[in-house]
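# Remarks on the overall topology
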Amino acid sequence: MSTISTAEVARVAGLARIALTDEEIERFAGELGVIADSIAKVSEVATPDIPATSHPLPMVNVMRPDEVCPTLDRDEVLAAAPQSEDGQFKVAQILGEE
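Predicted model only: the values in this text are computed from it and were never measured.

For the rest of this paragraph, the subject is the overall build of the chain. Looking only at helices and strands, the chain has three helices and two strands in total. Relative to its length of 98 residues, the chain is extended, with a C-alpha radius of gyration of 29 Å against a globular reference of 13 Å. Across its three principal axes, the chain shows a C-alpha extent of roughly 70 × 45 × 25 Å. For the chain, the proportion of its 98 residues judged to be buried stands at 8%. When the accessible surface of the chain is totalled, it reaches about 9,400 Å², and 59% of it is carbon and sulfur. The averaged location of the 18 negative side-chain charges in the chain is 3 Å from the averaged location of its 7 positive side-chain charges.

Structural data, given as structure tokens:
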């Protein structure tokens with residue numbers, strides 16, 4: 001059984017610059033101990049003959065085939081834009097560059 005001490009929790013909280021009350025330190029020490037014990041149980045079961053998985057069920061990418069289809073007419077789209085120039089949308093400058 002892995003135990004996380006209150007001193008360890010206080011030290012890590014100090015390194016992270018997180019202010020914790022004594023009650024929070026006690027509670028987090030217990031919660032982190034439970035988490036560490038759970039990880040230890042999984043490590044006991046995870047042997048080299050069992051492949052690592054990220055999901056309980058196999059995942060398959062579902063992708064549609066690429067198909068050529070009609071697109072919007074550029075001139076028609078630009079006609080609906082507030083401003084356009086040289087076949088492109090014109091937007092306000094935001095970075096102070098030329």
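With that settled, the discussion passes to the environment of Leu15. Checked against the element boundaries, Leu15 lands in helix α1 (residues 6-15). Separated by twelve residues in sequence, Leu15 and Thr3 have C-alpha atoms that sit 20 Å apart.

Moving on, we come to the packing of α1 against helix α2 (residues 22-45). Remark: α1 packs on α2, axes separated minimally by 9 Å, with the N-to-C direction vectors making an angle of 105°. Our classification of the angle between α1 and α2 gives roughly perpendicular. Facing Thr6, Val9 and Ala10 of α1, the residues of α2 in contact are Ile25, Glu26, Phe28, Ala29 and Leu32. Of the residues belonging to the contact of α1 with α2, the class tally is six nonpolar, one polar and one charged.

A separate point is α2. The terminal C-alpha atoms of α2 lie 35 Å apart, and with 24 residues this matches the ideal 34 Å at 1.5 Å per residue to within 8%. On its buried face, α2 is in contact with α1.

Here the focus is the confidence of the model for the chain. Across the chain, the average pLDDT comes to 88, with 96% of residues at or above 70. Within the chain, α2 has the poorest average pLDDT of any element, 91, and α1 the best, 95.

Turning our eyes to something else, we now look at a nonpolar patch on the surface. Taken together, the side chains of Leu32, Ile35 and Ile39 make up a nonpolar region of the molecular surface, amounting to roughly 270 Å² of accessible area. Note on placement: Ile39 falls in helix α2.

What counts and how
- Residues numbered from 1 in each chain as written.
- Predicted model: local features only at pLDDT ≥ 70, side-chain atom pairs only at ≥ 80, totals over all residues.
- Heavy atoms only, no water.
- Helix = DSSP H or I, 4+ residues; strand = E, 2+ residues; numbered from the N terminus.
- Rg over C-alpha atoms; globule rule 2.2 N^0.38 Å.
- Buried < 20%, exposed > 50% of the residue type's maximum accessible area, 1.4 Å probe, protein only.
- Areas by Shrake-Rupley, 256 points an atom, 1.4 Å probe, with all protein chains shown as cover.
- Lys, Arg positive; Asp, Glu negative; His and termini not counted.
- Charge placed at Lys NZ, Arg CZ, Asp CG, Glu CD.
- Axes fitted to C-alpha atoms, helices over the stretch in contact; angles between N-to-C directions.
- Parallel < 35°, antiparallel > 145°, perpendicular 65-115°, else oblique.
- Contact = heavy atoms within 4.5 Å.
- Nonpolar A, V, L, I, M, F, W, Y, C, P; charged D, E, K, R; others polar.
- Expected span 1.5 Å × (residues − 1).
- pLDDT = per-residue confidence, 0-100.
- Patch = residues over 30% accessible without salt bridge, like charges linked within 9 Å, V, L, I, M, F, W, Y side chains within 5 Å.
- Salt bridge = Lys/Arg side-chain N within 4 Å of Asp/Glu carboxyl O.

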